[in-house]
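Residue-level structural notes
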Amino acid sequence: MNAFIDKMRRRAGRYLDVRAEMIQPARGVLSLSFDDIPASAWLEAGPILAEHGVKATYYVCGGLSGGRNLDLPQFETEHLQALHEAGHEVGCHTYEHVSTLTLSPTELDASLARNAAWVSERLGDYQMQTFAYPFGDCALGSKTIIDRRFLCGRGVRDGINAGRVDRNLLQAVGLESRRLPGYDLEQLVADTAASKGWLIAYGHDVSDAPTPYGCRPEDIDRLIRLAKAADLDIQPVAAAWIMGKASRNQP
């Protein structure tokens, strides 16, 4: 029964209290993002991003720093500082890496505040602008909290963001070994370009033998090359959101 209730709560978060916004980039956009920040998401993916001259968004949970998740080493503070210095966006993923389905709005707000303080102390008063839901779980009551604190929130429901979107539950595709075989990346990129939409990709660990939630270095390289060939603008999530809004408001 609990699993059924949680399923209904996820559907409520997806379809109710939609904070609708129109986005209209000047051309199609790709945003790359990494959740939790396993150490390999920086140590393995960082050089690929640098080689291509693109910036990504890293969604951080302060509580995972220096620990293990899915039996993988997570980021250290020096990794977070290095990726920030390299110009990548740091986004919020709660402090404890916890589903919003398990938190009251007050508890979620406290977790976000704790994560904000943790990041600010380590990145020179840096303020995070975007949010990604752990496990993709968006509780209906969480949307008001996310709306108040961030430009936008990202979920894990497959799709390209184009036209009218829910600013607090943006769609994305998984750079995950369990999902990648089911995607036609060439078609996704082509559709993003044709619709002048916004494709957000998210992943976790990066290695030649990734977990089901991670990908190989060549997967990242391939997506970037496809995006460049299709003339997509590759931007971190916050920058893409701001550009999409600004383009729509231009005369």
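Structure: above.
As a starting point, this report considers the structure included with it. (Residues numbered from 1 in each chain as written. Predicted model: local features only at pLDDT ≥ 70, side-chain atom pairs only at ≥ 80, totals over all residues. Heavy atoms only, no water.)

Here we look at empty space enclosed by the protein
To find the voids left in a structure, one rolls a probe of water-molecule size over its atoms. A full pass over the atoms with the stated rule returns one cavity of 30 Å³ or more. Size it by volume and the largest cavity reaches roughly 30 Å³. Lining the largest cavity are Asp36, Pro38, Asn69, Leu70, Leu72, Gln74, His204 and Asp205. Of the residues in the lining of the largest cavity, the class split is three nonpolar, three polar and two charged. (1 Å grid on protein atoms, 1.4 Å probe; cavity = no way out; pocket = protein on both sides within 12 Å on 5 of 7 lines; lining within 4 Å. Points joined across faces, edges and corners; volume = space filled by probe spheres on them. Nonpolar A, V, L, I, M, F, W, Y, C, P; charged D, E, K, R; others polar.)

As for the side chain of Lys245
Mapped onto the secondary structure, Lys245 falls in helix 9 (residues 237-249). At a separation of 2.4 Å, a polar atom in the side chain of Lys245 contacts the side chain of Glu21. Excluding residues within four positions of it along the chain, Lys245 makes contact with Glu21, Met22 and Ile23. (Helix = DSSP H or I, 4+ residues; strand = E, 2+ residues; numbered from the N terminus. Polar contact = N/O pair within 3.5 Å; in protein donor to acceptor, adjacent residues only side chain to side chain. Contact = heavy atoms within 4.5 Å.)

Here we look at the packing of helix 7 (residues 185-195) against helix 8 (residues 217-229)
Contact geometry of helix 7 with helix 8 gives a least axis separation of 10 Å together with a crossing angle of 35°. Along this stretch, helix 7 crosses helix 8, giving a crossing that reads as right-handed. Each of Leu185, Glu186 and Val189 in helix 7 lies in contact with helix 8, whose residues at this interface are Arg222, Leu223, Leu226 and Ala227. By residue class, the composition of the contact of helix 7 with helix 8 is five nonpolar, no polar and two charged. (Axes fitted to C-alpha atoms, helices over the stretch in contact; angles between N-to-C directions. Left-handed = near helix turned anticlockwise from the far one by under 90°.)

Considerations on the packing of aromatic side chains
Taken as a whole, this structure holds six aromatic pairs when the rule is applied. Between the aromatic rings of Phe131 and Tyr133, the centroid separation amounts to 4.9 Å while the plane-to-plane angle is 85°, which identifies the pairing as edge-to-face. Aromatic rings pair up to connect Phe34, Trp42 and Tyr58 into one cluster. (Phe/Tyr/Trp six-rings, centres within 6.5 Å; stacked < 30°, edge-to-face > 60°.)

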